[in-house]
Structure formats: structure tokens, C-alpha cells
Amino acid sequence: MTSAPLPRILRRSGEPAYPTFLELFFDLVYIFIFSRLAASLAGNLTLRGAAQTAVLLLAAWWVWVLTAWLTDLFNPRLPLIQATTLLVMLGTLLMAIATPHAFGRYGWLFVAAYFGIHLVRDAVLIPGTRVNPPIQARSIRVFFWFGITVTPWVAGVFVDGTARLLLWSLAVAVDLGSARVGWPTPRLGRTELASQIFTGVHLSERHREIFIVALGELILTTGTGLAGSGFTAGAVAASAVAFVSAVLLFQLYFQRVQRILAPPSVVTVERVRSGTSTSYSHLVMVAGVVLISTSTSLVIDRPFGRAPVELVVATLGGPVLFLLGSVLFDAVVTGRTLWSRVLAIVALGALMAPGTRLLPPLAVLVLATVVLLITLVGEGLAARNRPVGAAAPAR
């Protein structure tokens, strides 16, 4: 840390680390954007559709991550930061509106909203931290790298199809990847990845909240699908299984988090590298929930008949992504491999065998849910039988 005086805009040490109500309010817009992403993928369940959805999800996720960092590093109770958060929320809403047609006629709106968000944020942070050059340099580095990626983002607006997908894929990869190398910038160097700049409690709570938001979108999709189904037997059964899946995802996530993380009363500080790693691992988990939501809507709509191969992959691939993200998160926090979930991933991969395609979509959904249930029960039994004090150390 620096000995320079802290500007009023920065969060003071000792201030409450819990997220504010405004941050919870901000997260609500992500129910909408996750819903739009899941619905768009359901309407184009192909490799191209999956790639396009991934690019849009990554862009939306990066906005969320930088906003979580904004309210972690800076005083979230300051009116200027609150106004900035609301403007970012408005921009995210515009991104969500553009999402279904971002690779069509509304590509300009998606990019304009995306960069409008970053311009607003940096227009506040760079001048607001001028009395503390080391902290100001962080915001300048981030702004510098957005200046680099603006070219492929904007160029993608003026082309269609594969060209836009490639340009935007490159842009979003650089956006996220530059953080992992500390945003190296001419004359300013890079942010030291070993520096401790994040409030561990705050970031942990923010990650839990966005995961709950993703589960909320899954519940919304399940309820909407059932409401529009005419309450046929197959739709009711599929909705019931989807609800059970949501409950299992909730339990698998929060039971593990409670075992490996420090209690909220323990104040911790996260390093840049681990802070970005936990954000990326949660991205994989949230992507899994979005994919589960996509497959759920399709299964509710057509629970019987032979399952198309793409629906089988989506139905089983959603839990795979969630479990993979949780394995990565566990590895970041504890340095260990969560083998129970690795085995569950292998089991789900085995279920993608050609024979599964002969089953109806509802049966595939049931199989995916059973794997989640077995994993949860197995981990619960293992935790109960583990000697006291044998748990992985919390960080």
C-alpha cells in the first residue's frame, strides 16, 4: 500500500465490508441479461449460437466484475460512486436489450452500451484518485486496455457473421486476459498481482450474490415455461425436476463455500491474482447455470420424443460447467482438487454417449439431476465422517 493520503472516494479501512443495498439492486439487472442469453441460446442451440452466447456472457460478466471491484475499492456510500453504479446498471440494461440481436441489427447498441459503461466509470475514477498516483494508475491501466480493445469491438459492428464473432471473441479475450497480467501499460508498468487490494469478505459476498441471481434466472425460466405449457404432464414433470436441480445447485455451492471460506466476521484481504481467479471460476459456474436454464426451457417445451444431440449436450453440459467452476474455485481457495466433483464431471461426460440420444429429453434431465444429487449426498457423508479439524484451511 502507499503512504499517500487516501482521497475521499476510496473505501476506508475498517468500514463495513458487506455489500450495500445498491449493489444488490444493481445485480437485479443480471436476472434480465441471463434470461436473454439463455433464451437466445435456446433459439439457436448450435456451436455458433453457443460461441455467440459465450462472447456476450463474457462481456456482461466483465462489466459485473469491474463494478464489484469498483464498490470494493471505492466508497460505495459516496453519492458519486452510487450514481456511477446506477449509470453502469442502465448501460447493462441496454446491453441486455441488445443481446438477442447483438450479432444482428443491434450490434451497435451492445458495443455502445459496453463502452459507455467503461467511459463513465473511468471518467469518475481517474480524476477522483489524482491525489494518490499509485491508485490512479490502476484505473488508467484499465482504461488503456479498453482503448486497445475498442478497435475490434467497433470493427465488429461493421461486419457480419463469422467476422464479427472472431473480432468480438478477440476483444473480450483481451479484456479479461489483460487483468490476469496486471494491465501492463507503457510508462505505468503493471498492477502487481501479488498486491493485496481487495476486501476478501466483500468480494466473497458479491460472488455469492451473483450466483444466487443466476439461480433466480433458472427459477424464472422454470416458472415461465410451466406457466405457458398448459400444465401438461410432461411439462409439470420437467419443471419439477428443474426445480430440484436448482435446489441441488444451491446446496452444492453454499455447503462447499461454508466449509472452505473464512467466516464473515474474519476480515481478509484478497490479492489481485486470487481475486481475478475467483471471479473467473464463478463465471464458469454461472455459465453452467445459464446453460441449464437453456436446456430446461427446451425440455419443458418438448419433454418427450428422441432428444436431439445438441439438447443432450446442453442438458448434461450445464452441470458439467457448474461442477468444473466449483472445482476451479476450490483449487484457488484451498489449493486442492475436489475429486468428488471431478468424478461427477466424468460421469456426466459418460452419459453423453450415443445411447443417451435414444432417451427423451425429460429422461436426460433426470439423469443430470441424479448425478448432482449423488454428488451432494456423497460430499455430505464424507464431511460427516471426516475427523474434526481435518477440513481444508480457509483463506
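Residues numbered from 1 in each chain as written. Predicted model: local features only at pLDDT ≥ 70, side-chain atom pairs only at ≥ 80, totals over all residues. Heavy atoms only, no water.

Under an unreviewed UniProt entry, the name given to the protein chain is Low temperature requirement protein A, and the source organism is Micromonospora tarensis.

Enquirer: So what about the overall build of the protein chain? Which residues, and what values?
Expert: Counting its regular elements, the protein chain contains 12 helices and two strands. Mapped in sequence order, the helices and strands of the protein chain form the string α-α-α-α-α-α-β-α-α-β-α-α-α-α. A buried classification covers 53% of the 395 residues belonging to the protein chain. Sequence separation of at least 24 residues holds for 82% of the intrachain contacts in the protein chain that already meet a minimum separation of 6. Entry remark: accessible area of the protein chain is about 16,800 Å², with carbon and sulfur atoms responsible for 70%. (Helix = DSSP H or I, 4+ residues; strand = E, 2+ residues; numbered from the N terminus. Buried < 20%, exposed > 50% of the residue type's maximum accessible area, 1.4 Å probe, protein only. Contact = heavy atoms within 4.5 Å. Areas by Shrake-Rupley, 256 points an atom, 1.4 Å probe, with all protein chains shown as cover.)

Enquirer: Break down the side chain of Thr53 for me, with residues and values.
Expert: Locating Thr53 in the fold gives a position in helix α2 (residues 47-73). A relative accessible area of 10% places Thr53 in the buried class. Here the side chain of Thr53 touches Gly49 through a polar contact of 2.8 Å, landing on its backbone oxygen. Those residues in contact with Thr53 that sit more than four places away from it in its chain are Leu37 and Leu41. (Polar contact = N/O pair within 3.5 Å; in protein donor to acceptor, adjacent residues only side chain to side chain.)

Enquirer: How would you summarise the packing of aromatic side chains if you had to cite specific residues and measurements?
Expert: Summed over the entire model, instances satisfying the criterion amount to 19 aromatic pairs. For the ring pair Phe26 and Tyr30, a centre distance of 5.9 Å and an interplane angle of 55° mean the geometry is tilted. Taken together, the residues Phe26 and Tyr30, both in helix α1 (residues 21-43) and four residues apart, mark about one turn of the helix. The burial state of Phe26 is the same as that of Tyr30; both residues are buried. Between the aromatic rings of Tyr30 and Phe34, the centroid separation amounts to 5.7 Å while the plane-to-plane angle is 65°, which identifies the pairing as edge-to-face. Of this pair, Tyr30 and Phe34 both sit in helix α1, separated by four residues, roughly a single helical turn. (Phe/Tyr/Trp six-rings, centres within 6.5 Å; stacked < 30°, edge-to-face > 60°.)

Enquirer: Talk me through the environment of Ser297; I want residue IDs and the actual numbers.
Expert: As for its placement among the helices and strands, Ser297 is situated in helix α9 (residues 272-301). A residue is classified by how much of its surface remains accessible, and Ser297, at 25% relative accessible area, is partly exposed. Between the C-alpha atoms of Ser297 and Thr222, which are 75 residues apart in sequence, the distance is 6.7 Å. Not counting the four nearest positions on each side in its chain, Ser297 is found in contact with Ala42 and Thr221. Separated by 2.7 Å, the side chain of Ser297 and the backbone oxygen of Thr294 make a polar contact.

Enquirer: Residue-level account of the environment of Gly378, with values.
Expert: By the element assignment, Gly378 lies in helix α12 (residues 361-385). Since its relative accessible area comes to 36%, Gly378 is described here as partly exposed. Taking the C-alpha atoms as reference, Gly378 lies 7.7 Å from Ser340; in sequence the two are 38 residues apart.

Enquirer: Tell me what's going on with a nonpolar patch on the surface, and back it up with residues and numbers.
Expert: On the surface, Phe32, Leu87, Leu90, Leu93, Leu94 and Ile97 cluster together into a nonpolar patch covering about 460 Å² of accessible area. No other element matches helix α3 (residues 79-98), which puts five residues into the nonpolar patch. Assignment of secondary structure puts Leu87 in helix α3. (Patch = residues over 30% accessible without salt bridge, like charges linked within 9 Å, V, L, I, M, F, W, Y side chains within 5 Å. Salt bridge = Lys/Arg side-chain N within 4 Å of Asp/Glu carboxyl O.)

Enquirer: Mind laying out the packing of helix α8 (residues 233-260) against helix α10 (residues 309-334), listing which residues take part and the relevant values?
Expert: As a packed pair, α8 and α10 sit with axes 11 Å apart at the nearest point and diverge in direction by 5°. Of the possible angle classes, the one that applies to α8 and α10 is roughly parallel. Across from Leu249, Leu252, Tyr253, Arg256, Val257 and Ile260 in α8, the residues of α10 making contact are Phe322, Phe329, Asp330, Val333 and Thr334. In the contact of α8 with α10, the residues fall into eight nonpolar, one polar and two charged. (Axes fitted to C-alpha atoms, helices over the stretch in contact; angles between N-to-C directions. Parallel < 35°, antiparallel > 145°, perpendicular 65-115°, else oblique. Nonpolar A, V, L, I, M, F, W, Y, C, P; charged D, E, K, R; others polar.)

Enquirer: Lay out the packing of α1 against α3 in plain terms, naming residues and giving numbers.
Expert: One can describe the packing of α1 onto α3 by two numbers: an axis separation of 9 Å at closest approach and a directional angle of 10°. In terms of axis orientation, α1 runs roughly parallel to α3. Contacts from Leu22, Phe25, Phe26, Val29, Tyr30, Phe32, Ile33 and Arg36 in α1 reach Gln82, Thr85, Leu86, Val88, Met89, Thr92, Leu93, Met95, Ala96 and Ile97 in α3. Of the residues contributing to the contact of α1 with α3, the split by class is 14 nonpolar, three polar and one charged.

Enquirer: Lay out the nonpolar core in plain terms, naming residues and giving numbers.
Expert: With 84 residues, the main nonpolar core has Tyr30, Phe34, Trp62, Met95 and Trp153 as its most contacted residues. Element by element, the count of residues in this core is highest for α2, at 13 residues. Discounting residues that sit within four places of it in the chain, Trp153 has contacts with Val55, Ala59, Phe110, Val111, Tyr114, Phe115, Trp168, Ala171, Val172 and Asp175. (Core = buried A, V, L, I, M, F, W, Y, C linked by side-chain atoms within 4.5 Å.)

Enquirer: Describe the pattern of salt bridges, naming the residues involved and giving the relevant values.
Expert: Counted by the stated rule, this structure contains eight salt bridges. Asp27 is the salt-bridge partner of Arg206, the closest N and O atoms lying 2.6 Å from each other. Of this pair, Arg206 sits in helix α7 (residues 200-227) while Asp27 sits in helix α1, placing them 179 residues apart in sequence. A salt bridge links Glu205 to Arg208, with the shortest nitrogen-to-oxygen separation between them at 3.5 Å. Taken as a pair, Glu205 and Arg208 lie in helix α7 at a separation of three residues, close to a single helical turn. Taken individually, Glu205 and Arg208 each receive the classification buried, so the pair is uniform in this respect. In the salt-bridge network here, residues are joined through shared partners; they are Glu23, Asp27, Arg206 and Glu209.

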